[in-house]
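Observations on chain architecture
Listed below are the residues making up each chain.
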Amino acid sequence: MTLSPTAFGYVADLVRREAAIVLEPGKEYLVEARLHPLARAAGVADVSAYVAHLQSPAGRVDHAAVVEALTTNETSWFRDREPFDVLVSHVIPDLLVRTAARRKITIWSAACSSGQEAYTIAMLMAEHVVPKGWQVEIVATDIAPSMVQRTREGSYSQLEVGRGLPAPLMVKHFQRAGTQWQVSDQLRSMVRVQTLNLAAPFPLLPVFDLVFLRNVLIYFDQPTKQSVLSRVRRVMSPDGYLFLGGAETTLGVDETWHRTPVGRLTLNRPRPQVDDTSPPALPHRMPRTVVGATPTTSTLLSTTQRAN
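Rules of the game
- Residues numbered from 1 in each chain as written.
- Predicted model: local features only at pLDDT ≥ 70, side-chain atom pairs only at ≥ 80, totals over all residues.
- Heavy atoms only, no water.
- 1 Å grid on protein atoms, 1.4 Å probe; cavity = no way out; pocket = protein on both sides within 12 Å on 5 of 7 lines; lining within 4 Å.
- Points joined across faces, edges and corners; volume = space filled by probe spheres on them.
- Helix = DSSP H or I, 4+ residues; strand = E, 2+ residues; numbered from the N terminus.
- Nonpolar A, V, L, I, M, F, W, Y, C, P; charged D, E, K, R; others polar.
- Pairing = 2+ DSSP bridges.
- Axes fitted to C-alpha atoms, helices over the stretch in contact; angles between N-to-C directions.
- pLDDT = per-residue confidence, 0-100.
- Contact = heavy atoms within 4.5 Å.
- Parallel < 35°, antiparallel > 145°, perpendicular 65-115°, else oblique.
- Left-handed = near helix turned anticlockwise from the far one by under 90°.
- Polar contact = N/O pair within 3.5 Å; in protein donor to acceptor, adjacent residues only side chain to side chain.
- Phe/Tyr/Trp six-rings, centres within 6.5 Å; stacked < 30°, edge-to-face > 60°.
- Buried < 20%, exposed > 50% of the residue type's maximum accessible area, 1.4 Å probe, protein only.
- Core = buried A, V, L, I, M, F, W, Y, C linked by side-chain atoms within 4.5 Å.

So, about the layout of surface pockets. The rolling of a water-molecule-sized probe over the atoms marks out the regions of remaining empty space. Empty space within the second largest pocket amounts to approximately 260 Å³. Lining the second largest pocket are 15 residues, and of these Gly 245, Gly 246, Arg 264, Leu 265 and Thr 266 lie nearest its centre. For the lining of the second largest pocket, the secondary structure elements donating two or more residues are helix H5 (82-98) and strand E10 (265-270). Looking at which element gives the most residues to the lining of the second largest pocket, the answer is E10, with three residues. Split into classes, the residues belonging to the lining of the second largest pocket amount to three nonpolar, six polar and six charged.

In structure tokens form, the structure reads like this:
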């Protein structure tokens, strides 16, 4: 049974109000597919009946489950590859210089889904930063409590580790646990996980040297994008880095960011709050070799031919 415009409108309004996610007309199929398991669990006939249930006083307790069901949780290890190559070749060398006094780098993996992005970053930090004596803190957040729990557990199926995780890094940083692969204690010690709604006021957060906010803004309208970028900027170091998804940009959205192209990628950095508006300098040296005898990130990724 196809959702009526009224029923779809109710769900779209609910998701927009609670998570600022925009569901345009034409996404009825998505709503039906995502809400069907919830309808079945609630013991109602179909999704239309479930939406009617949501509008009753008793159905309000299910609103959070609806928002979580309609949140996209697509992810993989080293997703899109290039951001992580640029992290190794440009960003890490610069951060090692800029944080030399405190010897600590703080990173935010926003909308972390089931944790692959956060632990990908942790692997690179373990290869390039930790051996130099730096402390690394990665804050991984997501709006969905189930994704937060999965990230905290750090346990992945064979199918999940097969999506972009280079075999040498899997052997080095994961242990077999029955049918699952468990992230090492070293990586888990770097990652602190919490629930966070990007569209709502942020809780108390540390000052970040690096923020990964990838493939999130595409789901928001323009005012929400502006609001999120503004609040992200306020929790970043003045010389920090912001990574967005390939289809996302600060251009025409928030002009308080410098945009520096590096290959096909654009690095976003906060503009200075003084009259000097020259862009922050990137490091001249671009080391490409992972600490020790481990192959470069690019080499590791190319051997799998799975990174997407």
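What links the strands of a sheet is backbone hydrogen bonding, and the strands pair in either a parallel or an antiparallel sense. Strand order across the open sheet formed by three strands is E3-E5-E4, with antiparallel pairing between neighbours. Across the chains shown, the open sheet's two edge strands, defined by having one partner strand only, are strand E3 (155-157) and strand E4 (174-177). Strand after strand, the sheet turns through a mean of 35° between neighbouring axes, direction not considered. Judged from the four bridges that link them, E4 and strand E5 (residues 180-183) form a sheet pairing that is antiparallel. Across the sheet, residue Arg 176 finds its bridge partner in E5, namely Trp 181.

This part covers the confidence of the model for the chain. Averaged over every residue, the pLDDT of the chain is 85; residues scoring 70 or more account for 87%. Residue range residues 284-308 is modelled with pLDDT below 50. Its contacts to residues more than four positions away, or to other chains, number 52 contacts.

Here the focus is the packing of H5 against helix H6 (residues 116-128). Across the interface, H5 lies against H6 with an axial gap of 11 Å and an inter-helix angle of 50°. With respect to H6, the axis of H5 lies oblique. As H5 runs across H6, the sense of the crossing is right-handed. Residues Phe 84, Leu 87, Val 88, Ile 92 and Leu 96 of H5 touch H6, and the partners they reach there are Thr 120, Ile 121, Leu 124, Met 125 and His 128.

Mapped onto the elements, Ser 155 comes out in strand E3. Residues in contact with Ser 155, not counting those within four places in the same chain, are Arg 150, Glu 160, Gln 180, Trp 181 and Gln 182. A polar atom in the side chain of Ser 155 sits 3.3 Å from the side chain of Gln 180.

Evaluated as defined, the whole model comprises seven aromatic pairs. Relative to Tyr 156, the ring of Trp 77 has its centre 5.1 Å away and its plane inclined at 80°; by these criteria the two rings are edge-to-face. Pair noted here: Trp 77 is in the loop between helix H4 (63-69) and H5 and Tyr 156 is in strand E3, with a separation of 79 residues, a long-range link. A single burial state applies to Trp 77 and to Tyr 156, both of which are buried. With a centroid separation of 5.6 Å and an interplanar angle of 75°, the aromatic rings of Phe 78 and Phe 84 are classed as edge-to-face. You can call Phe 84 buried: its relative accessible area is 1%.

With that settled, the discussion passes to the nonpolar core. Leu 87 and Phe 243 are the most contacted members of the largest nonpolar core, which totals 46 residues. In this structure, Tyr 50, Leu 54, Met 236 and Leu 244 belong to the second largest nonpolar core, which totals 44 residues.

Moving on: the side chain of Glu 137. Its location among the elements puts Glu 137 in strand E2 (residues 135-142). For Glu 137, a relative accessible area of 18% gives the class buried. Reaching out from Glu 137, the side chain makes a polar contact with the side chain of Arg 192 at a distance of 3.2 Å. Residue contacts for Glu 137: discarding those within four places in its chain leaves Lys 104, Ile 105, Thr 106, Ile 107, Met 190 and Arg 192.

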